[in-house]
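Spelled out from the first residue to the last, the chains are:
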Amino acid sequence: MNTYLPAFAWQSRAVLGRHIRVHLRKWHTAMLPPVCEPLIMLLAFGVGLGRQMSDLSWNGHPVDYLTYLAPGILAYTAFMTAFFQSLFSAYVRMHYQKSWEGQLTTQVRLEHVVWGEALWAASLATFYAVMVCVVLLGFGMAGALHLHWLWLPVAIPLLFLAALAFSTIGLLFTATLPSMDHMGLPFFLVIMPMGFASSTYFPLPDVPLLLMAVQINPLNHLAEGMRLLLVAGTPSWHLVWAAGLCLLMLLILVPLDLRLLRKRVFGDR
Amino acid sequence: MNARAAHAQEPVGRSAAPAAPLLLDARGLRKSLGGKLVVDGVDLSCGPGEVLGLLGPNGAGKTTTLRMCYGFLRPEAGSIRIAGHDLVLEADAARRALGVCTQDDTFDADFTVRDNLVQTGRYYRPAITGLAERIEELLERFGLAEYAEQMPETLSGGYKRRLMIARAVVHRPQVAFLDEPTTGLDPQARIAVWELVSGLRADGMAVVLTTHYMDEAERLSDRLLVLHDGRVRASGSPRSVLGDVVGEHIVVLPIAGAGADQVAAWLGERHLFSSRVLSNWHIPLDAAELAVFVAAFPHLRYEVRVPTLDDLFPALADEGRA
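Now for a quick tour of the structure. Since this is a predicted model, take the numbers as computed values, not measurements.

## Description of the overall build of chain B
Working step 1: Across its full length, chain B holds 12 helices and 14 strands.
Working step 2: Compactness check: chain B gives a C-alpha radius of gyration of 22 Å against a globular reference of 20 Å for 322 residues, within 12% of the reference.
Working step 3: Referenced to the eigenvectors of the C-alpha coordinate spread, the extents of chain B come out at roughly 70 × 45 × 40 Å.
Working step 4: Classification of the 322 residues of chain B by burial places 47% in the buried group.

Listed below in structure tokens is the structure:
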């Protein structure tokens, strides 16, 4: 069975449609996190913490912390939402709700369920990123933030690709975590290292080993690329690097996820 | 043709295939799980308007066999055809023709009863014609209409099973697989499910069900397939299966009664087995053995009855020990 073609199959769309319908049923509560989280982060860190510090030196120019933080939050939202959906939510659907098993007794097969989960995680992450853009625009209209707003639509497709790639890491843990009690492990092993070893929240210190290590962190390239795009108005190689690393993740992790999930769900192959 | 009548005179085994074209035709199924062979060379078939009961003690391989037949597990050997379609080579067509009610409740907890049926319908192509009407029909027929807008977790166990069976047939399949559809239900709910299963048979569907309840198997099934240690131990009508595995008569006598030691010695000499049920021995005997028993113990008080499917599992367990 081809690994990638099922992403375009009607069964994967049916699974994706299922997730969208469930989300729409709860839209009034589901809308709160994508609006409130960036709002709190920007107010607490960008405005609150930013007022306590002088301008940062970024890319040879002084920049205030709110402006520095805003593109990073956009990248981090795509990362975190996709990871959480494909890990926690998918695990609950697979293990506790048994909705995967319900789908697998129809014409839907495992590769469709997995692609449906990945596409849903990426779609939701992109939607959340769009909501972050709306919040950023609000800050812009209030005169607190100055970004190259016209580049925002360009950022969205790349955020979708990145979220799709990040979802494959979440699915890897969905396939391998022994139980719900181990749910903290991926946060400790992936989210914190990837989040902090990137330029999401602060410029990285000039440590050669660290700077070499972050070259393979797609979140670092995504955050820095978004920053160059939205703050300096310059498309950069960081975006190309981010896209390349994300494609590489999809190439490596999708077959691995399918193999491990097949073993987990069917228990025999 | 009434399938029950068609199979009433059939001998045991695959030669007893129904005259109508088979909707389920599985041959030589083999499967290992965790390094242990759990299904070994199982054949099963089911025709239109027929209910095939899959029986066996825990670990006999019933659920694994069923899961292979509906495409959840891949057999290591053997072939499965659903309504003429190979389950591997023509997976979409085969899966379109089958419906599944799993042992656990696998309905979608995020949707109402009605939306569960709508969403299940979306997992099939070609799309179900008249889906909205079909769902209304199922809600009425399965007694779910008044709960249509409720979430499934608010339903009682019996109604959850109704929903599970309704989901299994929403796309009008030709073969329905029901894995222990009445486990954990009270008697009234069980009878309601039996009526639904009978309705599916009347619709011309081939129904394959597993159960631990002997009365259920006897009442619902046109044919039985008894699995033991992953192999077919017997198949055919309930009567022929009993004759094959258990015998013709069951002698029931108290364990603590007079003459019990002599009976135990008599059984030992003949390598016959007895199962212990509460304070009684249940001894399966054929006509000749019964005649010898009667002659050997003329003054003993005991009861002789015809065997039921309840005698099947002790007999299988004894075979296992032997």
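Now that the structure has been shown, we can carry on.
## A few points about the nonpolar core
Working step 1: Judged by nonpolar contacts, the single largest core of 80 residues is most densely connected at Ala162(A) and Ala163(A).
Working step 2: Only α1 (10–25), α4 (65–96), α5 (99–104), α6 (110–141), α7 (152–176), α8 (184–196), α10 (218–232) and α11 (237–266) of chain A provide two or more residues apiece to this core.
Working step 3: No other element matches the 19 residues that α4(A) contributes to this core.
Working step 4: Setting aside anything within four residues of it in sequence, one finds Ala162(A) in contact with Ala78(A), Pro218(A), Leu222(A), Ala242(A) and Cys246(A).
Working step 5: With 75 residues, the next largest nonpolar core counts Val39(B), Ala60(B), Val208(B) and Phe313(B) among its residues.

## Topic: the sheet that holds strand β13 (residues 280–285) of chain B
All names here are of chain B.
Working step 1: Strand order in the open sheet formed by four strands is β12-β13-β11-β14, and the pairing between neighbours is antiparallel. Across the chains shown, the open sheet's two edge strands, defined by having one partner strand only, are β12 (275–277) and β14 (303–305). This sheet shows a mean twist of 30° between the axes of neighbouring strands, independent of strand direction.
Working step 2: In terms of strand pairing, β12 meets β13 through three bridges, oriented antiparallel. Among the inter-strand pairings, valine 277 is bridged to a residue of β13, identified as asparagine 280.

## Section: the interface of chain A and chain B
Working step 1: With 20 residues of chain A at the interface, the matching set in chain B holds 22 residues.
Working step 2: The set of elements that each furnish at least two residues to the side of chain A that touches chain B consists of α1 and α5 of chain A.
Working step 3: Tallied by class, the residues present in the side of chain A that touches chain B amount to six nonpolar, nine polar and five charged.

## Looking at the sheet that holds strand β2 (residues 36–46) of chain B
Residues and elements named next belong to chain B.
Working step 1: If you walk across this open sheet you meet the four strands as β2-β1-β4-β5, and the pairing is antiparallel. In this open sheet, the two strands that pair with only one neighbour each are β2 and β5 (85–86).
Working step 2: Bridge analysis of strand β1 (residues 24–33) against strand β4 (residues 77–82) gives five bridges, and the strand direction is antiparallel. If you follow arginine 30 over to β4, its bridge partner there is alanine 77.
Working step 3: On the sheet, helix α2 (residues 62–69) packs against β1, β2 and β4 and is oriented at approximately 120° with respect to β1.

## Looking at α8(A)
All names here are of chain A.
Working step 1: Helix length check: α8, at 13 residues, gives a terminal C-alpha distance of 17 Å against a target of 18 Å (1.5 Å per residue), a fit within 8%.
Working step 2: Within the sequence span of α8, burial applies to Pro186, Ile191, Met194 and Gly195.
Working step 3: Residues of α8 that are buried make contact with α4, α7 and α10.

Conventions adopted
Residues numbered from 1 in each chain as written. Chains lettered and ligands numbered in written order. Predicted model: local features only at pLDDT ≥ 70, side-chain atom pairs only at ≥ 80, totals over all residues. Helix = DSSP H or I, 4+ residues; strand = E, 2+ residues; numbered from the N terminus. Rg over C-alpha atoms; globule rule 2.2 N^0.38 Å. Buried ≥ 20, exposed ≤ 12 C-beta atoms within 10 Å, placed from the backbone. Core = buried A, V, L, I, M, F, W, Y, C linked by C-beta atoms within 7 Å. Contact = placed C-beta atoms within 7 Å. Pairing = 2+ DSSP bridges. Axes fitted to C-alpha atoms, helices over the stretch in contact; angles between N-to-C directions. Nonpolar A, V, L, I, M, F, W, Y, C, P; charged D, E, K, R; others polar. Expected span 1.5 Å × (residues − 1).

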